[in-house]
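Chain residues, written in single-letter form:
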Amino acid sequence: MKQLLKIPKGTQDFLPEYTLARRQLLDKFVKIFQLYGAVEIDTPVFELKSVLTNKYGDDEKLIYDLKDQGGEELALRYDLTVPFARFLNSHGIKKIKRYQIGKVYRRDNPSYQSGRFREFMQCDYDICGQYTKNISDAEIISVLSKCMSETNLKYKIRVNHRQIISEILNQIGITKNHNQITSAIDKVDKIGWDQVKQELLNKGLQVGQTNLLHQYLFENKQCESVHEDDLNQIIEYSKIWNAGDIVIDKSLMRGLDYYNGMILECDIGQGISVAGGGRYDNLINNLNCVGMSIGIDRLINFIKKQNDINVDISIITIGNTQEIIKYAIRVHQKLVDLGIKSQICLNMKWNLDKQIQWSLNEQRTRAIIIGENEAQNNSFNLKNLNTREEVKYKLEEINQIK
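I will try to describe carefully the structure that is included in this document. (Residues numbered from 1 in each chain as written. Predicted model: local features only at pLDDT ≥ 70, side-chain atom pairs only at ≥ 80, totals over all residues. Heavy atoms only, no water.)

**Re the pattern of salt bridges**
- If you walk through the whole model with that rule in mind, you get 19 salt bridges.
- Among the ionic pairs, R98 bridges to D126, the shortest N-O distance being 2.3 Å. Of the two residues, R98 is situated in strand β5 (residues 96-105) and D126 in strand β6 (residues 119-128); the sequence distance between them amounts to 28 residues. In this structure, R98 and D126 share a single accessibility class: buried.
- A cluster of three or more residues bridged by salt bridges with shared partners is formed by R158, D249, R254, E265 and D267. (Salt bridge = Lys/Arg side-chain N within 4 Å of Asp/Glu carboxyl O. Helix = DSSP H or I, 4+ residues; strand = E, 2+ residues; numbered from the N terminus. Buried < 20%, exposed > 50% of the residue type's maximum accessible area, 1.4 Å probe, protein only.)

What follows is the structure, encoded as structure tokens:
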């Protein structure tokens, strides 16, 4: 029997249909970046190890070291942000709006179910330069929101400010090693508060301090801060750019050491983050920078899952005469032509209640209902299966239901 060759743990092969979907999505993102005036750069997949160290907090252990090559200690890039900062320094650039798409490498524990890999593609958008306060931060959120709108996924952008986090830690008596604390809190979505609390206790915090910290981060205990005004202004500016759902979340940490201002993450539910970023003015030579990074492979995998599973609309018939069946097929073809995912209930002998229950079991929220009257008058009823609201349409109005 011929032995099948395996790929390394935490990596993926990509079949043509996947690479096509990825290219189509990236083309949409690049168009958005260019509309905002960004230019593309590229950097090596490996850097001098000294460039990458002391930037990633506890995650530094995930950096892939390379053996000495020609006397240089090298490492595979962990992200695109630190190489970008090195790029700015190498070329003496003080002002640029850039995007970059490329693979990064992390010696992580892979999870195919949650979309975590050791090699994966990131898509970054960053603004470097001295600008009016909070404008560039808001633009980053706006660009991310427009990119996410192209995915048709439900998303929420959470924002926080590193200085608010520092102020909270100072108020509860923690005046040093803030990065160690934030790196621990950053794991709360993965391991839960109880394990994070134990890690904080192991780092020297007192029980009372961890309890106060929980109140500030998760129980809405107020911490007065001028930086909260900054966040509100950033959100206000973002909304003018028609950014989507944005909330302030004081439990958001972003464990990387280099952030020093606004931080953000984009979630698509179930604790799954597909993008993150923030302000990192002090990474190299005090350059003013803010940016975001989208995990392309994780995002594509979840879009694919949605596309594989989700059908938008059920087509339900009341009666199974030839006239009704043929009209239901016509309606379905109209939806197909419009690119709206839909499915006819093929068991037309079921009564209305049974067909609605079938639709709910398939996790659909809308149903087109067709009876004898609708077939004769070229119309249909669109029912919201959650609210039970029902609206009548003429067949020529079907493009209005998108």
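Now that the structure has been shown, we can carry on.
**Some points on helix α6 (residues 178-185)**
- With six of eight residues buried, α6 is to be regarded as a mostly interior element.
- Buried within α6 are the following residues: H178, I181, T182, S183, A184 and I185.

**Some remarks on the sheet that holds strand β8 (residues 246-248)**
- In space, the eight strands of this open sheet follow the order β1-β5-β6-β11-β10-β9-β7-β8, with mixed pairing throughout. Because the sheet does not close on itself, it has two edges, and the strands there are β1 (39-40) and β8.
- Against the sheet, helix α1 (residues 16-35) makes contact with β5, β6 and β11 (289-295), and its axis sits at roughly 5° relative to β6, the strand it touches most.
- Packing of helix α5 (residues 162-171) onto the sheet brings it into contact with β7 (156-161) and β9 (262-267), and relative to β7 it is tilted by some 55°. (Pairing = 2+ DSSP bridges. Contact = heavy atoms within 4.5 Å. Axes fitted to C-alpha atoms, helices over the stretch in contact; angles between N-to-C directions.)

**Regarding the sheet that holds strand β13 (residues 342-344)**
- Read from one edge to the other, the open sheet built from five strands follows the order β13-β12-β14-β15-β16, with strand pairing classed as mixed. Each of the sheet's edge strands pairs with one partner strand only, and the pair in question is β13 and β16 (390-394). In this sheet, adjacent strand axes meet at a mean angle of 25° when their direction is disregarded.
- As defined by bridge partners, strand β15 (residues 379-384) adjoins β16 across five bridges and the pair is classed as antiparallel.

**So, the nonpolar core**
- Counting residues in each nonpolar core, the largest one holds 90 residues, and the members touching the most others are F29, F33, Y125 and I294.
- In this structure, F33 is in contact with A38, Y99, C123, D124, Y125, V143, C147 and M292, ignoring residues within four places of it in sequence.
- Core analysis: the second largest hydrophobic core is formed by 19 residues, I313, V331, Y393 and I398 among them. (Core = buried A, V, L, I, M, F, W, Y, C linked by side-chain atoms within 4.5 Å.)

**Here we look at the environment of S293**
- Tracing the backbone through its elements, the reader meets S293 in strand β11.
- Judged by its relative accessible area of 12%, S293 is buried.
- As a C-alpha pair, S293 and T81 span 212 residues in sequence and 8.4 Å in three-dimensional space.
- Those residues in contact with S293, other than ones at most four positions away along the chain, are Q122, C123, D124, V274, A275 and G276.
- Engagement of the side chain of S293 in a polar contact is seen with the side chain of D124, the distance being 2.6 Å. (Polar contact = N/O pair within 3.5 Å; in protein donor to acceptor, adjacent residues only side chain to side chain.)

**Brief notes about the pairing of β11**
- Extensive coverage of β11 is indicated by the burial of seven of its seven residues.
- Of the two faces of β11, both are covered, the one formed by C289, G291, S293 and G295 as well as the one formed by V290, M292 and I294.
- Sheet analysis places β6 next to β11, joined by seven bridges and oriented antiparallel. Looking at β11, one finds that D124 is bridged to S293.
- Sheet topology note: the strand β10 (residues 273-279)/β11 ladder contains five bridges and is antiparallel. Bridge pairing in β11 links R279 to V290.

**Some thoughts on the packing of aromatic side chains**
- Evaluation of the coordinates by the stated rule reveals ten aromatic pairs.
- Where F33 meets Y125, the ring centres are 5.2 Å apart and the plane angle is 35°; that geometry is what we call tilted. Note that F33 is positioned in helix α1 and Y125 in strand β6, a separation of 92 residues in sequence.
- Judged by its relative accessible area of 0%, F33 is buried.
- Grouping aromatic residues by their ring pairs yields a cluster made of Y56, Y78, Y258, Y259 and Y280.
- Positioned above the aromatic ring of F84, the side-chain terminus of R98 is 4.1 Å from the ring centre.
- The side chain of R106 reaches across the aromatic face of Y78, ending 3.9 Å from its centre. (Phe/Tyr/Trp six-rings, centres within 6.5 Å; stacked < 30°, edge-to-face > 60°. Lys NZ or Arg CZ within 6 Å of the ring centre and 35° of its normal.)

Read these as geometric descriptors, not functional statements.
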